[in-house]
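Secondary and tertiary structure notes
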Amino acid sequence: MTALSRIIDALEDSPAQGAQALDAARLGFLEWVFATPGPVTARMARDALETQAARDAQSPAARAFVGCVREVCTCVPSSAQRRRGARGGAWLN
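Described in the following lines is the structure provided in the data block. (Residues numbered from 1 in each chain as written. Predicted model: local features only at pLDDT ≥ 70, side-chain atom pairs only at ≥ 80, totals over all residues. Heavy atoms only, no water.)

**Focus: helix α3 (residues 42–49)**
By the burial criterion, the buried members of α3 are A42, A45, A48 and L49. Viewed along the axis of α3, the buried residues span an arc of 115 degrees, placing them on a single side of the element. (Buried < 20%, exposed > 50% of the residue type's maximum accessible area, 1.4 Å probe, protein only. Helix = DSSP H or I, 4+ residues; strand = E, 2+ residues; numbered from the N terminus. Arc of directions from axis to C-beta.)

Below is the structure:
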C-alpha cells in the first residue's frame, strides 16, 4: 500500500468534521510530502489524484486531503513559468 492510500484510509476512519477535518487533512498532506522519496512535484500530485483512493475519498478529512493535493496542481509553477524568470523550484519537499 502506498503512503497516499494509507493516509487516505486513515483519514476515512477519522470522525473529524469542519476545522478538525481540515487540520487532519493538512497533517496527512505533510506526512505524504515527507514520506515521498525525492521531490514531490505537481505531476506527482496529478498522478495521486488519479488513484482510486483519491477518487473514492468520502469522509470530510479524506476529501480535504484530496483538496490539499489538488491545490499543489494549481499552485506550483510550470517549467515554462520558471524559465521566464519565476524564482525558486517546483519541489514541495
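**A look at the packing of aromatic side chains**
Two measures describe an aromatic ring pair: the distance that separates the ring centres and the angle between the ring planes. In the structure shown here, the tally under the stated rule is 1 aromatic pair. When the ring of F29 is compared with that of W32, the centres are 5.9 Å apart and the planes differ by 50 degrees; the resulting orientation is tilted. Of this pair, F29 and W32 both sit in helix α2 (residues 18–35), 3 residues apart, roughly one helical turn. As far as the burial class goes, F29 and W32 line up, both buried. (Phe/Tyr/Trp six-rings, centres within 6.5 Å; stacked < 30°, edge-to-face > 60°.)

**Some thoughts on the packing of helix α1 (residues 3–12) against α2**
Packed helix pairs are specified by the crossing angle of their axes together with the interaxial distance, meaning the distance between the axes. Interaxial distance between α1 and α2 falls to 10 Å at its minimum, and their mutual angle equals 165 degrees. In terms of axis orientation, α1 runs roughly antiparallel to α2. For the element pair α1 and α2, the recorded crossing hand is right-handed. Side by side, α1 and α2 meet where A3, L4, R6, I7 and L11 of the first sit next to A24, A25, G28, E31, W32 and A35 of the second. Each residue belonging to the contact of α1 with α2 can be placed in one class, and the counts come to 8 nonpolar, 1 polar and 2 charged. (Axes fitted to C-alpha atoms, helices over the stretch in contact; angles between N-to-C directions. Parallel < 35°, antiparallel > 145°, perpendicular 65-115°, else oblique. Left-handed = near helix turned anticlockwise from the far one by under 90°. Contact = heavy atoms within 4.5 Å. Nonpolar A, V, L, I, M, F, W, Y, C, P; charged D, E, K, R; others polar.)

**A short note on the pattern of salt bridges**
Summed over the entire model, instances satisfying the criterion amount to 2 salt bridges. With its nearest N and O atoms 2.8 Å apart, the salt bridge here joins R6 to E31. Placement of the pair is R6 in helix α1 and E31 in helix α2, with a sequence separation of 25 residues. A residue is classified by how much of its surface remains accessible, and R6, at 40% relative accessible area, is partly exposed. Here D47 ties to R43 by a salt bridge, and the two come within 2.5 Å at their closest N and O atoms. Taken together, the residues span about one helical turn, with D47 and R43 both in helix α3 at a distance of 4 residues. (Salt bridge = Lys/Arg side-chain N within 4 Å of Asp/Glu carboxyl O.)

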